[in-house]
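Coordinate analysis (summary)
As a plain string of letters, each chain reads:
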Amino acid sequence: MTAADVAEHALSRRRLIAGLLALSACGALGLDAPVRASVRAAIAARDNPAQRGPLALEGFFDDLERRTFNFFWENANPTNGLVPDRVPGGPEGPDSSIASVGFGLTALPVGVERGYISREAARARVLATLRFFAAATHEHGFFYHFIDLKSGARKRGSELSTIDTALLLAGVLFCQSYFDADEPGEQELRRLADDIYGRVDWNWAQHRPPAVTMGWTPERGFLRADWLGYDEAMILYILALGSPTHPVGPDAWRAWTSTYDKHWGTVYGQTHLSFAPLFGHQYSHVWLDFRGIRDDWMRRRGLDYFENSRRATYAQRSYAIDNPMRWRAYGANVWGLTACDGPGAGRGRARGRPERFYSYAARGVGVEGVRDDGTIAPTAALGSLPFAPEIVIPAAREMYERFGAAVYSTYGFFDSFNPTLTDSAQPSSLEDAGWVDRAYIGIDQGPILAMLENYRSDLVWRVMRGNRYILRGLRRAGFDGGWLDEAGDSGKGEK
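Residue positions are given per chain, counted from 1 along the sequence in the order it is written. Per-residue local features are limited, in this predicted model, to residues with pLDDT of at least 70; the limit for side-chain atom pairs, both in listing and counting, is 80 or more; totals at the level of whole chains, interfaces and linings are taken over all residues. In computing side-chain values, all of the structure's heavy atoms are included and hydrogens and water are not.

Remarks on the environment of Tyr 283
Put simply, DSSP H or I for four residues or longer makes a helix, DSSP E for two residues or longer makes a strand, and each gets a number counted from the N terminus. Relative to the assigned elements, Tyr 283 resides in helix H10 (residues 283–287). When its relative accessible area of 6% is taken as the criterion, Tyr 283 is described as buried. For the pair Tyr 283 and Met 451, spaced 168 residues apart in sequence, the C-alpha to C-alpha distance is 9.6 Å. Setting aside its immediate chain neighbours within four residues, Tyr 283 contacts Phe 103, Leu 167, Glu 232, Ile 443, Asp 444 and Pro 447. Type-normalised accessible area, obtained with a 1.4 Å probe on protein chains alone, sets the label of each residue: buried when under 20%, exposed when over 50%, and partly exposed for intermediate values. Two residues form a contact once any of their heavy atoms are found within 4.5 Å.

So this is what it looks like as structure tokens:
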């Protein structure tokens, strides 16, 4: 039997099951209740693989990675490559987040390597995206945080965002390094990447030098805050330092690290550089391999940023085990606080007691304090997979097997859920997940996909270790050691 025959057989079987269900539901076949229940179970298993029961680890990874990839492939606008901020979107349809586009660009080579799409299809999507941004409205090379999915026009009165532009650029440069063939389409792709990255004027964004501002709006000018560590913006400074046209000086990195000391401390048994939500320990690591390389600050502490993120991951798990607020389901294998959707602002009731619940908010545990309303985000654990697989894999498996289709569907894990907000007195074979945000958010899907692939094959890290701009940025920030010392001469000796 050929692959085409297998596919056709599977399709026919799915259609048959669907037809049986429709007929049995109206009694046309005269099927008794147990048979109708079996048919419904087959449909549920097809649509919601979490209802099939346990999967072998590789099968689980394969299913999760393919579904998460499909979020970016199926929901992006194919004419311009723009990726929705979230799916489903608002009443007027989804907006695009430029950070989601950066993660979406990163997803495309993953799809090629996993055999989900052809190299030609991925290249065409990347070219559509880069051609759009090469011609899109910008200010000194920076783009607005939220833009219209079709036109690219500014949405929500959003700011010209330096960090979101940086996340977009990271995806652009990853594709530039991956698509390295000597053929016209990939040559154009690399030229467009150079143009988009090269026109970003990082010096203009140093409104209060040497730090880089968080953003700018035409109504208010520069925002009052600058990027001063420690959080997700390491990637921003590495890109600013690596720029071939408008680079910031090494003093920018020193300014960035100058506030680190107040974030250093011990949290739930883990001494590390703290940032409460886990996304701050993950975003830069999607593209930058920090294993074995150190800047001056980390050298003095005797660790690297990869180990730092591992400790932050363990601290969150220990917090969930301790569970000081006594949220339902928290424990060794159900944990993960980060920026995500929540049940809603204001006060509500959980198990008869008044509680405070947030809508979209950055939840987390750090030396700065705790923000926790019982809402778990699967991306928090899964985005830390390469740091601590020994605790992340059991967490991912337990969420999948314990709550099933309530938290896992078309594009993998839903954004978040709150098991405490449930009316169920007794759990069934699959526990009540409580309140579930039945949405997918691009900046939460992105780390799941990329870090799963980094764990499985090293793909994004391996490709980016060869990008000359990344090498230059890391070296100008003062990093050395490990793979960086073994890399080529790009960026060496530059100040």
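Concerning the pairing of strand S8 (residues 270–273)
By the bridge criterion, 4 bridges tie strand S7 (residues 264–267) to S8 in an arrangement that is antiparallel. Counterpart to Gly 265 in the pairing with S8 is His 272. Connecting S7 to the antiparallel partner S8 that follows it, the hairpin turn spans 2 residues, and Tyr 268 within it adopts a positive phi of roughly 45°. Pairing between strands is defined by DSSP: at least two bridges between the two strands are required.

Points about helix H8 (residues 234–242)
Taking burial as the measure, the 9 residues of H8 include 9 buried ones, the bulk of the element. Turning to H8, its buried residues number three or more, namely Met 234, Ile 235, Leu 236, Tyr 237, Ile 238, Leu 239, Ala 240, Leu 241 and Gly 242. Next to the buried residues of H8 lie helix H6 (162–178), helix H7 (184–198), helix H9 (250–257), H10, helix H12 (305–322) and helix H17 (468–476).

Describing the sheet that holds strand S4 (residues 160–161)
Read across the open sheet, the 3 strands follow the order S4-S5-S6; overall the sheet is antiparallel. On the outer flanks of this sheet lie S4 and strand S6 (221–222), each paired with one strand and no other. As paired strands, strand S5 (residues 215–217) and S6 are joined by 2 bridges and run antiparallel to one another. Bridging across to S6, Trp 216 finds its partner in Phe 222.

Remarks on the nonpolar core
With 108 residues, the main nonpolar core has Phe 133, Trp 202, Trp 253, Trp 287, Tyr 305 and Phe 479 as its most contacted residues. For this core, the element with the most residues is H6, which contributes 11 residues. Apart from residues lying up to four places away in sequence, Phe 133 is in contact with Leu 82, Ile 98, Val 101, Phe 143, Ile 147, Leu 168, Ile 196 and Arg 199. Counting residues in each nonpolar core, the second largest holds 39 residues, with Phe 60, Trp 327, Ala 329 and Ala 381 among its members. Grouping buried Ala, Val, Leu, Ile, Met, Phe, Trp, Tyr and Cys residues that are joined through side-chain atoms within 4.5 Å yields what is termed a nonpolar core.

Let's talk about the packing of aromatic side chains
Stacked, tilted and edge-to-face pairs are distinguished by plane angle, under 30 degrees for stacked and over 60 for edge-to-face with tilted covering the rest, among Phe, Tyr and Trp rings (Trp via its six-membered ring) whose centres lie within 6.5 Å. Under the definition given, this model contains 41 aromatic pairs. Taking 6.3 Å as the distance between ring centres and 45° as the angle between the ring planes, the aromatic pair formed by Trp 253 and Trp 256 counts as tilted. Of this pair, Trp 253 and Trp 256 both sit in helix H9, separated by 3 residues, roughly a single helical turn. Residue Trp 253 is classed as buried on the basis of its relative accessible area, which comes to 3%. Since its relative accessible area comes to 0%, Trp 256 is described here as buried. Plain terms: the ring middles of Phe 306 and Trp 461 are 6.3 Å apart, the flat faces sit at 75° to each other, and that makes the pair edge-to-face. In this pair, Phe 306 is assigned in helix H12 and Trp 461 in helix H16 (residues 459–464), connecting sequence segments 155 residues apart. By the burial criterion, Phe 306 is buried, and Trp 461 matches it.

Remarks on the packing of H6 against H7
Between H6 and H7, the shortest axis-to-axis distance is 9 Å and the interhelical angle comes to 150°. When the interaxial angle is binned, H6 and H7 end up roughly antiparallel. When the axes of H6 and H7 are compared, the crossing they make is left-handed. Only Leu 189, Arg 190, Ala 193, Asp 194, Ile 196 and Tyr 197 of H7 make contact with H6, whose side of the interface consists of Leu 169, Val 172, Leu 173, Cys 175 and Gln 176. Here the residues of the contact of H6 with H7 sort into 8 nonpolar, 1 polar and 2 charged. What counts as an axis is a line fitted to C-alpha atoms, over the stretch in contact for a helix, and the angles between N-to-C directions run from 0 to 180 degrees. In this scheme, roughly parallel covers angles under 35 degrees and roughly antiparallel covers those over 145, while 65 to 115 is roughly perpendicular and the rest are oblique. Each crossing is labelled by how the near helix is turned from the far one, with a counterclockwise turn of less than a right angle marking it left-handed and a clockwise turn marking it right-handed. Residue type decides the class: Asp, Glu, Lys and Arg count as charged, Ala, Val, Leu, Ile, Met, Phe, Trp, Tyr, Cys and Pro as nonpolar, and the leftover types, Gly among them, as polar.

A look at the pattern of salt bridges
Each salt bridge in this description consists of a side-chain nitrogen of Lys or Arg and a carboxyl oxygen of Asp or Glu lying within 4 Å of one another. In this structure the tally under the stated criterion is 32 salt bridges. Put simply, Arg 119 and Asp 180 hold a salt bridge, and the shortest N to O gap is 3.6 Å. Here the residue Arg 119 occupies a position in helix H5 (residues 119–135), and Asp 180 occupies one in the loop between H6 and H7, the gap between them amounting to 61 residues. Judged by relative accessible area, which is 23%, Arg 119 ranks as partly exposed. Classification of Asp 180 as exposed rests on a relative accessible area of 55%. Among the ionic pairs, Asp 261 bridges to Arg 301, the shortest N-O distance being 3.4 Å.

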